[in-house]
Amino acid sequence: GESVGLHLPTLSVQEGDNSIINCAYSNSASDYFIWYKQESGKGPQFIIDIRSNMDKRQGQRVTVLLNKTVKHLSLQIAATQPGDSAVYFCAESNQAGTALIFGKGTTLSVSS
Amino acid sequence: DAGVIQSPRHEVTEMGQEVTLRCKPISGHNSLFWYRQTMMRGLELLIYFNNNVPIDDSGMPEDRFSAKMPNASFSTLKIQPSEPRDSAVYFCASSPLLSSYEQYFGPGTRLTVT
């Protein structure tokens with residue numbers, strides 16, 4: 001697997017490796033965090049979310065980790081596949097029904 | 001179930017022309033959001049509505065931009081007059097409940113102003 005430092009704009013991995021995408025958020029009052037995947041020519045697509053009262057949540061092949069102490073969020077993708085190639089965005093919110101604040105995206109490239 | 005529908009998917013227009021972007025949210029959703037995406041600025045909120053009422057339009061760049069939501073199933077974003085710096089991808093997203101954080105995005109409208 002390959003881990004990256006805080007927000008690298010691009011990440012290249014081999015098929016089958018684990019990927020870790022990092023994100024720093026700005027608002028300590030944010031209580032909801034979400035990861036989106038955006039493929040070329042499409043809108044952002046929901047991957048996984050987490051509330052501030054949790055520090056880890058798992059989905060299918062994906063895990064989100066939240067470290068509120070340092071305001072850091074990460075997305076782990078297990079056994080990365082070519083179909084995972086996309087731009088990944090983290091977003092935060094401090095109130096339901098309001099707008100999400102998006103971070104800078106990370107472009108994940110998976111080679112087979 | 002159809003997702004958020006946006007039209008047109010692509011729009012090319014000349015500087016000074018009026019542009020109208022359209023959005024149909026997911027049926028039953030109570031909140032609608034307009035975002036703009038550029039390479040330089042990423043994804044930015046322009047305006048959002050709850051129950052068809054505009055709540056926050058602080059992201060609208062200037063008076064040339066206006067948005068309406070005449071009913072629960074339709075919203076428009078209008079730019080008049082358009083300028084080259086308005087070139088971007090415009091996304092509409094909807095959310096099921098006022099108490100929900102989840103937002104579902106449409107495919108976007110790619111606007112090019114020459």
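Since we're looking at a predicted model, the values are computed, not measured.

Chemist: I would appreciate a short explanation of the overall build of chain A in the present structure.
Modeler: Within chain A, the regular secondary structure consists of 0 helices and 10 strands. Along the chain direction, N to C, the helices and strands of chain A fall in the order β-β-β-β-β-β-β-β-β-β. Its C-alpha atoms give chain A principal-axis dimensions of about 40 × 30 × 25 Å. Taken over 112 residues, chain A has a buried fraction of 44%. Considering only intrachain contacts with a sequence separation of at least 6, the fraction spanning at least 24 residues in chain A is 49%. For chain A, the exposed surface amounts to about 5500 Å²; the carbon and sulfur share of it is 46%. Within chain A, the 9 negative side-chain charges are centred at a point lying 6 Å from the centre of the 9 positive side-chain charges.

Chemist: Teacher, can you tell me more about the pattern of salt bridges here?
Modeler: For side chains bearing opposite charge, pairing can occur when the charged atoms are close. Residues and elements named next belong to chain B. This structure, assessed with the given rule, holds 11 salt bridges over all chains. Across the pair Arg-41 and Glu-44 runs a salt bridge whose closest N-O atoms are separated by 2.7 Å. Residue Glu-44 is classed as buried on the basis of its relative accessible area, which comes to 18%. For Arg-85, the salt bridge is made with Glu-83, and the minimal N-O distance between the two is 2.6 Å. Each of Glu-62, Arg-64, Glu-83, Arg-85 and Asp-86 takes part in salt bridges that share partners, so that together they form one network.

Chemist: Whenever I open this one, the sheet that holds strand S2 (residues 19–24) of chain A confuses me. Can you help?
Modeler: What links the strands of a sheet is backbone hydrogen bonding, and the strands pair in either a parallel or an antiparallel sense. Residues and elements named next belong to chain A. An order of S2-S7-S6-S5 is seen for the 4 strands of this open sheet, with the pairing classed as antiparallel. The open sheet has two free edges, formed respectively by S2 and strand S5 (56–58), since each of these has just one partner strand. Taking each pair of neighbouring strands and ignoring which way they run, the sheet shows an average axis angle of 15 degrees.

Chemist: Looking at this structure, how should I read the interface of chain B and chain A?
Modeler: One frequently used descriptor of interface size is the decrease in accessible area upon assembly of the parts. With 19 residues of chain B at the contact, the number on the chain A side is 20 residues. Between chain B and chain A, a total of about 1500 Å² is buried, with carbon and sulfur atoms accounting for 58% of that surface. Where chain B touches chain A, the interface holds 0 salt bridges. The tally of links between chain B and chain A comes to 4 residue pairs in polar contact (both at pLDDT 80 or more). Counting only elements with at least two residues in the side of chain B that touches chain A, the list comes to strand S4 (31–38) and strand S5 (42–50) of chain B. Of the residues in the side of chain B that touches chain A, the class split is 10 nonpolar, 7 polar and 2 charged.

Chemist: Looking at this model, I keep getting lost on the state of the cysteines. Mind explaining?
Modeler: The term disulfide refers to a covalent linkage connecting the sulfur atoms of a pair of cysteines. One pass over the structure, following the stated rule, counts 2 disulfides over all chains. The side chain of A:Cys23 participates in a disulfide bridge whose partner is A:Cys90; the two sulfur atoms lie 1.6 Å from each other. A residue pair is termed long-range when its members are at least 10 positions apart, and A:Cys23 in strand S2 and A:Cys90 in strand S8 (residues 86–93) qualify at 67 residues. Looking at A:Cys90, the relative accessible area reads 5%, which means it is buried. Here B:Cys23 connects covalently by a disulfide to B:Cys92, the sulfurs 1.9 Å from one another. Classification of the bridge connecting B:Cys23 and B:Cys92 rests on its S-S torsion, roughly -65 degrees, and on that basis the disulfide is left-handed. Of this pair, B:Cys23 sits in strand S3 (residues 19–24) while B:Cys92 sits in strand S9 (residues 88–95); the two residues are 69 residues apart in sequence, bridging distant segments of the chain. On the basis of relative accessibility, which here comes to 0%, the residue B:Cys92 falls in the buried class.

Chemist: Help me out: how do you make sense of the sheet that holds S3(B) in this one?
Modeler: All names here are of chain B. Spatially, the 4 strands line up as an open sheet ordered S1-S3-S8-S7, and their pairing is antiparallel. Single-partner strands in this sheet number two, and they are strand S1 (5–7) and strand S7 (65–71). Pairwise comparison of adjacent strand axes, ignoring direction, gives a mean angle of 15 degrees for this sheet. Of the pairings in the sheet, the one linking S7 to strand S8 (residues 74–79) comprises 5 bridges and is antiparallel in character. Paired with Ala-67 across the two strands is Leu-77, which belongs to S8.

What counts, and at which threshold
Residues numbered from 1 in each chain as written. Chains lettered and ligands numbered in written order. Predicted model: local features only at pLDDT ≥ 70, side-chain atom pairs only at ≥ 80, totals over all residues. Heavy atoms only, no water. Helix = DSSP H or I, 4+ residues; strand = E, 2+ residues; numbered from the N terminus. Buried < 20%, exposed > 50% of the residue type's maximum accessible area, 1.4 Å probe, protein only. Contact = heavy atoms within 4.5 Å. Areas by Shrake-Rupley, 256 points an atom, 1.4 Å probe, with all protein chains shown as cover. Lys, Arg positive; Asp, Glu negative; His and termini not counted. Charge placed at Lys NZ, Arg CZ, Asp CG, Glu CD. Salt bridge = Lys/Arg side-chain N within 4 Å of Asp/Glu carboxyl O. Pairing = 2+ DSSP bridges. Axes fitted to C-alpha atoms, helices over the stretch in contact; angles between N-to-C directions. Buried area = accessible area lost by both parts, 1.4 Å probe. Polar contact = N/O pair within 3.5 Å; in protein donor to acceptor, adjacent residues only side chain to side chain. Nonpolar A, V, L, I, M, F, W, Y, C, P; charged D, E, K, R; others polar. Disulfide = S-S within 2.5 Å.

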